[in-house]
Amino acid sequence: MTAPNDRNDNAGVPVPVTPAGASSTAPAEYPPASPAGRGMFGTQGSGDVSGFGGLVRQRKPVEGSPRPYGGYFDEVRDALEEAYPQFGEAIEKVVVDRGELTLHVRPERIAEVCQVLRDDMALRFELCSSVSGVDYLGADERRLHVVYQLTSMTYRRRIRLEAAVSPEAPHLPSVTAVYPTADWQEREAYDMFGVVFDGHPNLTRILMPDDWEGHPQRKDYPLGGVPVEYKGAEIPPPDRRRSYQ
């Protein structure tokens, strides 16, 4: 049986051909992203008959949660509203999901909100344990989200902050002046997602070489890879096996 990516020459012998959509220079290219939420791994024109090519994942919009939230979440919101008069301007929405309280903060206000959360005696979120990035390609115009995990060691509470920016204007104020632990974590979010933290004392790459082009954890970044030899056969890198994007 002839493989989907083979054709027959005049003698009827299968001859391998380049799959549709593949590119010999794919590792150095930035191909257009596959529509988010469709298919499996972004494959197109591969001859895949598994049905995954027609997979459509439904995305529900994230909406604010109604009060009461339950637990200490209402106390945290009330205390922040009292301590921070600009609460209504700075907080886009409050979401309670999977047992977590998330405050969606306007990007330009993130450092101010962190300062109040750390210093107010009714809040006392002294520790920023994590700063990470997420790319919601195709689901949000401001697709690059930065997530801050804050812990109050005084009251044994945890909350999340989330701020969203676009690839065209990926700027956020740095929170290193409030939480020194965010230093290398912001560098990693910059390195992997291209979010620029204004005011960071040394915003340089931390995982990739300084001269690396692009940001590898963005969802439109090419897979790349190197060929691997296994039992006498050569397995091509992922972006050359199919029209992965």
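Residues numbered from 1 in each chain as written. Predicted model: local features only at pLDDT ≥ 70, side-chain atom pairs only at ≥ 80, totals over all residues. Heavy atoms only, no water.

Student: Tell me about the sheet that holds strand β7 (residues 157–165), and name the residues and values.
Tutor: Read from one edge to the other, the open sheet built from five strands follows the order β3-β4-β7-β6-β5, with strand pairing classed as mixed. Sheet topology places β3 (91–97) and β5 (127–135) at the edges, where each strand pairs with a single neighbour. The average angle at which neighbouring strand axes cross in this sheet is 20°, direction not considered. Examined bridge by bridge, strand β4 (residues 100–105) and β7 share three bridges and lie parallel to one another. Residue pairing across strands places T102 opposite R160, the latter belonging to β7. Along the sheet face, helix α4 (residues 182–193) touches β5 and β6 (144–152) and points at about 5° away from the line of β5. (Pairing = 2+ DSSP bridges. Helix = DSSP H or I, 4+ residues; strand = E, 2+ residues; numbered from the N terminus. Axes fitted to C-alpha atoms, helices over the stretch in contact; angles between N-to-C directions. Contact = heavy atoms within 4.5 Å.)

Student: Talk me through the pattern of salt bridges; I want residue IDs and the actual numbers.
Tutor: In the structure shown here, the tally under the stated rule is 16 salt bridges. Measuring nitrogen to oxygen at the nearest pair gives 3.1 Å for the salt bridge that ties R109 to E89. Here the residue R109 occupies a position in the loop between β4 and α3 (110–119), and E89 occupies one in helix α2 (residues 87–90), the gap between them amounting to 20 residues. We note a salt bridge from E92 to R142, for which the minimum N-O separation is 3.2 Å. Of the two residues, E92 sits in strand β3 while R142 sits in the loop between β5 and β6, which places them 50 residues apart along the sequence. What makes E92 partly exposed here is its relative accessible area of 32%. Accessibility expressed as a relative area gives 31% for R142, which makes it partly exposed. Linked by salt bridges that have partners in common, R67, D74 and D78 make up one network. (Salt bridge = Lys/Arg side-chain N within 4 Å of Asp/Glu carboxyl O. Buried < 20%, exposed > 50% of the residue type's maximum accessible area, 1.4 Å probe, protein only.)

Student: A description of α3 should follow, citing residues and the corresponding values.
Tutor: Looking only at α3, the buried set comprises I110, V113, C114, V116 and L117. Projected down its long axis, α3 carries its buried residues within an arc of 165°, all on one side. (Arc of directions from axis to C-beta.)

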